[in-house]
Amino acid sequence: MPEAGKRFAFCFSTASGHTNPSFPIARQLVKRGHSVTYLSSAVFKGAIEATGAAFVDEVEELSELMQPDPAKPRAENFMSAFLALATEFGKDAAHGYGNIKQWAATHNIAIERQLPAFLRFFSEENGALKFDAAVYDNLMLGVVAHACRLLNLPAVALCTVAGPGSMEVLTREMASNEGMTLEDMDRLSFDDEDGAKAVARLRERYPSLELPSHPFSCGTWQYIGGPRAMTLVTTIEPLRDPISDNVSEALRAADVRFTYIGPSLDVKGAKRAGGFIFDAHNEEPEDDEPKLHRHRSDLTDSSDAPLAALQEAKQLNASVVAIYISLGTVITSDMPMSGWTARLTDAEGKEYGITGKQLCQSVFTAAFEEFGASERGEGRSSYAQACEEGAPLLIVSAGPQLDALEGLSVPPNALCRSYVAQVDILQSDLVDMFVTHGGQNSFMESMANGVPLVVVPGFADQPVNGRKAEAMGVGLAVARPEEDTEAVLARYVQDLRAAMRSVFEQEKFRAKAREMGALIAGAGGSARAADIAEAIAATARGSETAAASATAPRKSYGDMFREMSAQAEAEASK
């Protein structure tokens, strides 16, 4: 068994869906006697500290990214820093850059801005390593792999999509929507004048830094960080997305190792990173009017009212059924590219389609119209009567926006909150259908508990997961409209109602979901992830200095992994 007292750095930025699966792993490591320090967003501070880990604010630490010019205001969060970076170099929507083109053009500039901070974070002033291993979000913080490689720091990537094939498909589809290919993105990341200058400076400052020439079409770099690096994937192998021959060969040549751990589910009642609002001006009005929907983050709301209401409903009527509705943490946030007021964008950065608010309110409207009970008048509560008469209980996680329910008529059998403890609700065995955006965590959490889906994708990997749900027979998907006329929105609501009714009434969807739950049960989850992290940390070389490690010659990825893979597997099995 690995010795206790190892030091782990967890690097996760402003993405709830990427960060939540790390919490049960951190909790496991702390319980086993190790120390965990998070470099992350302040909006997640409460949930991080609840695991027993220490917290370091990314805004304070990533100074080159957050405040490149000391004379100008500091960025308030990770996403605003990247938007400011694109604007600084004239690669924003105002200059005809869509989101994908921005990403490719600023790729190497962003590495240059972030890498020094991570090297500092991982190292003492004398150059010794502060940590025995790093666990990081390879989707948003792939630069951590570079830092760990330079410092010879063992690293574990936590991949919260359905494997490397998912990233390839997602990026290819997003690029195609903007009239680009992955190969176009590769070329732009190095041919862009500002990006090329950043590459030259990086290579001069860090002689052993390996910048891949095909970061998008053969993406392996974000998985390779330090000796015996491992990537943990929060799905099971039968559910991983297919990998193209091109990427498969690149991964094989680099000896990149993936372990499919299934969903990383936390303990009951655990705090999670939920929806959030960055805008300090979006405050709750000061009046005495009672509000069903509160402007409160999950970090200050640990109420178990939704679960209690569900249990009460079952006591009133054992045959009552429940429908859980949640559209995720990003589309309900104020993130500028994919949040509450954002729309899809084309190759020139021009917006089209419906906003995040329109998508969410269409889903709420469809559920309220299709399954809502009638108001009951005076006397016994309408909620209790609705349950006794068999109306389904609608549990709605509406997100942190104050206007989430604006203009909607909420029926008496609906319980709406800004935050719902999703894992607890799904694990209660009381939910009959989950209406979801189809993010990877929600998808896997639903499957782990045998709950069928209606997927309402907003962006990123969500359309892929919607198609997967239909192909597996565990649910149906309704695509996001690309127009926002009244007629289109009305049709969207009708399509949503039809999909909800179909999944709700047909047993075949539940049967398939239960089959998937049985497959997932033995994947290992957070306990297996902690075992692997412990085994990899056991190889840490605390005496090696950062300066020597960053400049010394390096073995090839293939030689390094071939030499150490057998030892890692042996220790993980102890």
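Preceding block: the structure.
As the structure is a computational prediction, the values presented were derived from the model and not from experiment.

Enquirer: How would you explain empty space enclosed by the protein if you had to name every residue and give the values?
Expert: This structure, assessed with the given rule, holds two cavities of 30 Å³ or more. Lining the largest cavity are N20, P21, T234, P263, S264, L265, R272, Q440, N441, M444 and E445. Computed from the structure, the second largest cavity encloses a volume of approximately 40 Å³. Lining the second largest cavity are D266, V267, A270, R272, A421, Q422, V423 and D424.

Enquirer: For the sheet that holds strand β7 (residues 258-260), give the residues involved together with the corresponding values.
Expert: Reading across the sheet, the seven strands line up as β3-β2-β1-β4-β5-β6-β7 and stay open at both edges, with parallel pairing between neighbours. In this open sheet, the two edge strands, each paired with only one partner strand, are β3 (54-57) and β7. Within the sheet, the average angular offset between the axes of one strand and its neighbour, ignoring direction, is 20°. One ladder, built from four bridges, connects strand β5 (residues 155-159) with strand β6 (residues 230-233); its direction is parallel. Note on β6: the bridge partner recorded for C159 is V233.

Enquirer: Tell me what's going on with the pattern of salt bridges, and back it up with residues and numbers.
Expert: Any two side chains of opposite charge can pair, on the condition that their charged atoms come close. Overall, the coordinates contain 31 salt bridges when judged by the stated rule. With a shortest N-O distance of 3.3 Å, R272 and E445 are connected by a salt bridge. Here R272, found in the loop between β7 and α13 (305-316), pairs with E445, found in helix α17 (residues 440-448); they are 173 residues apart in sequence, far enough to count as distant. Relative accessible area serves as the criterion here: at 12%, R272 is assigned to the buried category. A salt bridge links E507 to R514, with the nearest nitrogen and oxygen atoms 2.5 Å apart. In this structure R514 comes out as partly exposed when scored by relative accessible area, which is 46%.

Enquirer: Which residues make up the environment of C218, and what values do they have?
Expert: By the secondary structure assignment, C218 is in the loop between α11 (193-205) and β6. For the pair C218 and A250, spaced 32 residues apart in sequence, the C-alpha to C-alpha distance is 6.1 Å. Apart from the residues lying within four places of it in its own chain, the contact partners of C218 are N246, V247 and A250.

Enquirer: Explain the sheet that holds strand β11 (residues 393-397) residue by residue, including any values.
Expert: The strand order across the open sheet formed by six strands is β12-β11-β8-β13-β14-β15, and the pairing between neighbours is parallel. Edge positions in the sheet fall to β12 (414-417) and β15 (475-477), since each has one partner strand and no second. Strand-to-strand twist in this sheet, taken as the mean axis angle between neighbours without regard to direction, amounts to 15°.

Enquirer: Explain the nonpolar core to me, and be specific about the residues and the numbers.
Expert: Burial of nonpolar side chains together is a common tendency in soluble globular proteins. Formed by 37 residues in total, the largest nonpolar core has its most connected members in C11, L62, L115, F118, F122 and V144. Where this core is concerned, the elements lending two or more residues are β1 (7-11), α5 (63-66), α6 (78-88), α7 (99-122), β4 (133-137), α8 (143-151), β5 and α11. In contact with V144, not counting residues within four places along its chain, are C11, F118, F122 and Y136. I323, C360, V396 and V456 belong to the second largest nonpolar core, which has 35 residues in total.

Parameters at a glance
- Residues numbered from 1 in each chain as written.
- Predicted model: local features only at pLDDT ≥ 70, side-chain atom pairs only at ≥ 80, totals over all residues.
- Heavy atoms only, no water.
- 1 Å grid on protein atoms, 1.4 Å probe; cavity = no way out; pocket = protein on both sides within 12 Å on 5 of 7 lines; lining within 4 Å.
- Points joined across faces, edges and corners; volume = space filled by probe spheres on them.
- Pairing = 2+ DSSP bridges.
- Helix = DSSP H or I, 4+ residues; strand = E, 2+ residues; numbered from the N terminus.
- Axes fitted to C-alpha atoms, helices over the stretch in contact; angles between N-to-C directions.
- Salt bridge = Lys/Arg side-chain N within 4 Å of Asp/Glu carboxyl O.
- Buried < 20%, exposed > 50% of the residue type's maximum accessible area, 1.4 Å probe, protein only.
- Contact = heavy atoms within 4.5 Å.
- Core = buried A, V, L, I, M, F, W, Y, C linked by side-chain atoms within 4.5 Å.

From the geometry alone we can't say anything about function, so treat these as descriptive.
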